[in-house]
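An overview of the molecular structure
So the chains spell out like this:
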Amino acid sequence: MNADATVRRETLYIARWVLALSALTQLVFLVAGWWDYTVLLGNLLSGCAAVGNFFLMGRSVQKAVTQDQADAAKTMRASQQLRSLGLFVVAAVGVALPCFHLVTVLLPLFFPRIAVAFRPMFKGKEDLNETQQPGR
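These remarks concern the structure in this document. Because the structure is a prediction, the values reported are computed rather than measured.

**Structural notes on the nonpolar core**
- Y13, I14, W17, V18, L21, V51, F54, F111 and A115 together form the largest nonpolar core, which totals nine residues.
- Mapped by element, the contributors of at least two residues to this core are α1 (5-32), α2 (37-64) and α5 (111-122).
- Looking at this core, the element that brings in the most residues is α1, giving five residues.
- Apart from residues no more than four positions distant in its own chain, V18 is found in contact with G47, V51, F111 and P112.

Written out as structure tokens, the structure is:
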């Protein structure tokens, strides 16, 4: 099953926010004089995990809408458990290994929530037109 256009579009939206907030994080560490390679590596690890987690959630929702209610609930529950375990493993590895900065391992995991919170304010006119036109 391929990711549909909505999953790809929303994942791209999240990826842009993660990239922008990651760049801001790098800038703060640089200006404060705390920047080193561990800051970048931690940010890359968790930023990729956060975007990947969102994409997998979208794929799970895409699959669940084609199922009956009981199967959809099982699919979403299993997806949430596996994705949470994956994020836990990423965080644990990032915290355990000295090549990753603790703050930049944990902080990007919250970036998708920030992006989702701001989504209504930045919803473009083309997004509104898409939702108002049937058959698209």
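Still to come is the rest of the account.
**Section: the packing of aromatic side chains**
- Within the structure shown, the criterion is met by three aromatic pairs.
- Measuring from centroid to centroid gives 5.4 Å for W17 and F118, while their planes differ by 10°, and the two rings are stacked. Residue W17 is found in helix α1, and its partner F118 is found in helix α5; the two are separated by 101 residues along the sequence.
- A relative accessible area of 18% places W17 in the buried class.
- Look at F29 and W34: their rings are 6.0 Å apart centre to centre, the planes differ by 75°, and that puts the pair in the edge-to-face class.
- What makes F29 buried here is its relative accessible area of 8%.
- In textbook terms, an aromatic cluster arises when at least three aromatic residues are bridged by ring pairs, as seen for Y13, W17 and F118.
- In this structure, R119 packs its charged tip against the face of Y13, placed 4.0 Å from the ring centre.

**A short note on the pattern of salt bridges**
- If you walk through the whole model with that rule in mind, you get two salt bridges.
- Note that R9 and E10 form a salt bridge whose closest N and O atoms lie 3.8 Å from each other.
- With a relative accessible area of 30%, R9 lands in the partly exposed category.
- R119 is paired through a salt bridge with E10; the nearest N and O atoms lie 2.9 Å apart. With R119 in helix α5 and E10 in helix α1, the pair connects residues that are 109 residues apart, well separated along the chain. Per residue, the accessibility class of R119 equals that of E10, and both read buried.
- Put simply, R9, E10 and R119 are held in one network by salt bridges that share partners.

Rules and cut-offs
Once a new chain begins, its residue numbering starts again from 1 and follows that chain's sequence as written. Note on the predicted model: pLDDT of at least 70 is required for a residue's local features to be given, and 80 or more for side-chain atom pairs to be given and counted; whole-chain, interface and lining totals, by contrast, use all residues. With hydrogens and water excluded, all non-hydrogen atoms of the structure serve as input to the side-chain values. Think of a nonpolar core as a cluster: buried Ala, Val, Leu, Ile, Met, Phe, Trp, Tyr and Cys residues, connected wherever their side-chain atoms sit within 4.5 Å. Here's how the labels work: a residue is buried when its accessible area is under 20% of the maximum for its type, exposed when over 50%, partly exposed in between, all with a 1.4 Å probe on protein chains only. Under the scheme used here, helices are H or I runs from DSSP no shorter than 4 residues and strands are E runs no shorter than 2 residues, and both carry numbers assigned from the N terminus. When checking whether two residues touch, look at their non-hydrogen atoms; a contact exists if any pair is within 4.5 Å. Only the six-membered ring of Trp is used, alongside the rings of Phe and Tyr, when aromatic pairs are assigned; centres must lie within 6.5 Å, and planes under 30 degrees apart are stacked while those over 60 apart are edge-to-face, with the rest tilted. Sitting over a ring, as applied to charges here, requires NZ of Lys or CZ of Arg to be within 6 Å of the ring centre and within 35 degrees of the ring normal. Any carboxyl oxygen of Asp or Glu that lies within 4 Å of a side-chain nitrogen of Lys or Arg is treated as forming a salt bridge with it.

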